[in-house]
Amino acid sequence: METQDINQTIEKPTSKKVKKMMLILSKATIDNVYACFILANGARMEGIEAEIFFTFFGLEAVQKKKLEHLHVATVGNPAMHIPTLLGGLPGMESFATSMMKKEMEKLDIPPVGEFIEILEASGAKLWACKLAMDMFHLERKDLVDEISDVLTVGDFYQRAEGENTQLLFI
Amino acid sequence: METTIAGQNINLNPEGYLLDLNQWNPEIAEHIAQEEGIELGEEHWPVLKFLQEQHRQEVALSIRKVGKSGIVNIKEFYALFPGGPLKKASRIAGIPKPASCI
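Definitions and cut-offs
- Residues numbered from 1 in each chain as written.
- Chains lettered and ligands numbered in written order.
- Predicted model: local features only at pLDDT ≥ 70, side-chain atom pairs only at ≥ 80, totals over all residues.
- Heavy atoms only, no water.
- Patch = residues over 30% accessible without salt bridge, like charges linked within 9 Å, V, L, I, M, F, W, Y side chains within 5 Å.
- Areas by Shrake-Rupley, 256 points an atom, 1.4 Å probe, with all protein chains shown as cover.
- Salt bridge = Lys/Arg side-chain N within 4 Å of Asp/Glu carboxyl O.
- Helix = DSSP H or I, 4+ residues; strand = E, 2+ residues; numbered from the N terminus.
- Contact = heavy atoms within 4.5 Å.
- Buried area = accessible area lost by both parts, 1.4 Å probe.
- Polar contact = N/O pair within 3.5 Å; in protein donor to acceptor, adjacent residues only side chain to side chain.
- Nonpolar A, V, L, I, M, F, W, Y, C, P; charged D, E, K, R; others polar.
- Phe/Tyr/Trp six-rings, centres within 6.5 Å; stacked < 30°, edge-to-face > 60°.
- Buried < 20%, exposed > 50% of the residue type's maximum accessible area, 1.4 Å probe, protein only.
- Core = buried A, V, L, I, M, F, W, Y, C linked by side-chain atoms within 4.5 Å.
- Pairing = 2+ DSSP bridges.
- Expected span 1.5 Å × (residues − 1).

Caption draft 1: Summary view of a nonpolar patch on the surface. A contiguous nonpolar surface patch, about 380 Å² in accessible area, is contributed by Phe56(A), Phe57(A), Met135(A) and Phe136(A). The residue Phe136(A) is located in the loop between α6 (130–135) and β4 (149–151) in this model.

Structure representation (structure tokens):
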């Protein structure tokens, strides 16, 4: 056993090329959801495996009733460059979100629902977090069909076994 | 970088993409496909043709656009060109590497 290990080290230094991206999405603001989806899709486009674990508010992105109604945060988001009080006015979030969606459509970025279909078609694996499902009283039928299964954190970590896997929390 | 593929002189960029689509022909495509580990069959050619047409019309390519082409869906596209479909298909089609994240 020992000899074998030594031989492996001498013969072939392990490649550093990323083989698998494991993304954990815990937020439902539209900018975070898109960051996660674009990273997963971009990985598949490079021939890298990609999996997303939807937990806590991230589950909103895969709930049939909610996924097309995600918003950008206009309060507590310094990058919006508007006063916090103004950001809290009724309709501000919707307004900012629709502006953002228009800009994204120009760049050929699909809406959330279509993006989920693209991810599934490209071979990305989508998982829902069991604990968060229980916490929000969600059932499998509340989620889009593209979700492969409901997993525990342990299940998800097991899928991260193997060389050159990267985990990313969003 | 100048090289000879299938008896023809062609110019490639450092990543192996053709610099001039006019130098492209099906034999060159077959050769590049082999380098990418892909055996070109009947279903590949319409996709390559579509990519070339889009390139000539100066349309920025994306996986989404290919999926909506009516020629292949996204699943089929990944199956035809495994391990980075848009990049590999573009290289085989003789067009530049798409600068797309989608």
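Next comes the rest of the write-up.
Caption draft 2: Seen up close, the interface of chain A and chain B. In this complex, chain A contributes 18 residues to the contact, which on the side of chain B involves 16 residues. Contact with chain B buries area across many residues of chain A, yet Met45(A), Asp108(A) and Ala121(A) alone supply 43% of it, more than any other trio. Counting across the chain A and chain B interface gives 6 salt bridges. Put simply, Lys65(B) and Asp108(A) hold a salt bridge, and the shortest N to O gap is 3.7 Å. Summed over the shared surface of chain A and chain B, the result is 4 residue pairs in polar contact (both at pLDDT 80 or more). Looking at the side of chain A that touches chain B, its residues break down into 8 nonpolar, 4 polar and 6 charged.

Caption draft 3: Geometry of the packing of aromatic side chains. Residue and element names in this part refer to chain A. The final tally for this structure, using the stated rule, is 7 aromatic pairs over all chains. With 6.0 Å between their ring centres and 50 degrees between their planes, tyrosine 34 and phenylalanine 115 make a pair best called tilted. Of this pair, tyrosine 34 sits in helix α2 (residues 30–45) while phenylalanine 115 sits in helix α5 (residues 112–121); the two residues are 81 residues apart in sequence, bridging distant segments of the chain. We note that tyrosine 34, like phenylalanine 115, is buried. Consider the rings of phenylalanine 37 and phenylalanine 115, whose centres lie 5.5 Å apart with planes at 70 degrees: the pair is edge-to-face. Placement of phenylalanine 37 in helix α2 and of phenylalanine 115 in helix α5 is noted, with a sequence separation of 78 residues between them. As far as burial versus exposure is concerned, phenylalanine 37 and phenylalanine 115 are alike and both buried. Within the aromatic cluster, the residues linked to one another by ring pairs are Tyr34, Phe37, Phe54 and Phe115.

Caption draft 4: Looking closely at the nonpolar core. Counting residues in hydrophobic clusters, the biggest one holds 47 residues, and the most contacted among them are Phe37(A), Ile52(A), Phe54(A) and Leu59(A). Elements with a minimum of two residues in this core: β1 (20–25), α2, β2 (49–54), α4 (92–106), α5, β3 (125–129) and α6 of chain A. It is α2(A) that provides the largest number of residues to this core, a total of 7 residues. Beyond its immediate stretch of four places on either side in the chain, Leu59(A) contacts Phe54(A), Ala128(A), Cys129(A), Ala132(A), Met133(A), Phe136(A), Leu138(A) and Leu143(A). Among the nonpolar cores identified, the runner-up in size contains 33 residues, and Ala33(B), Leu48(B), Ile63(B) and Ile92(B) belong to it.

Caption draft 5: Summary view of the pairing of strand β1 (residues 2–5) of chain B. Residue and element names in this part refer to chain B. In this structure, β1 lies alongside strand β2 (residues 8–11), joined through 4 bridges in antiparallel fashion. Considered in β2, the bridge of threonine 3 is made with isoleucine 10. A loop of 2 residues connects β1 with β2, the two strands running antiparallel in sequence, and alanine 6 in this loop sits at a positive phi of about 50 degrees.

Caption draft 6: Up close: unusual backbone geometry. With a phi close to 70 degrees, Asp108(A) is a non-glycine residue in the positive phi region. Residue position: Asp108(A) is located in the loop between α4 and α5. Assessed through its relative accessible area of 15%, Asp108(A) is described here as buried. For Glu58(B), which is not glycine, the phi torsion reads 60 degrees and is therefore positive. Secondary-structure assignment places Glu58(B) in the loop between α2 (44–56) and α3 (63–67). Glu58(B) gets classed as exposed once you look at its relative accessible area, which sits at 72%.

Caption draft 7: View of the pattern of salt bridges. Residues and elements named next belong to chain A. Considering all chains together, one arrives at 17 salt bridges over all chains under this definition. We note a salt bridge from glutamate 51 to arginine 159, for which the minimum N-O separation is 2.8 Å. Of this pair, glutamate 51 sits in strand β2 while arginine 159 sits in helix α7 (residues 153–159), and the two are 108 residues apart along the sequence. For glutamate 51, a relative accessible area of 2% corresponds to the buried category.

Caption draft 8: Quick look at α2(A). Here α2(A) is 16 residues long and its end C-alpha atoms lie 22 Å apart, about the 22 Å a rise of 1.5 Å per residue gives. Downstream of α2(A) by a residue or two, Gly47(A) has a phi angle that is positive, lying close to 80 degrees.

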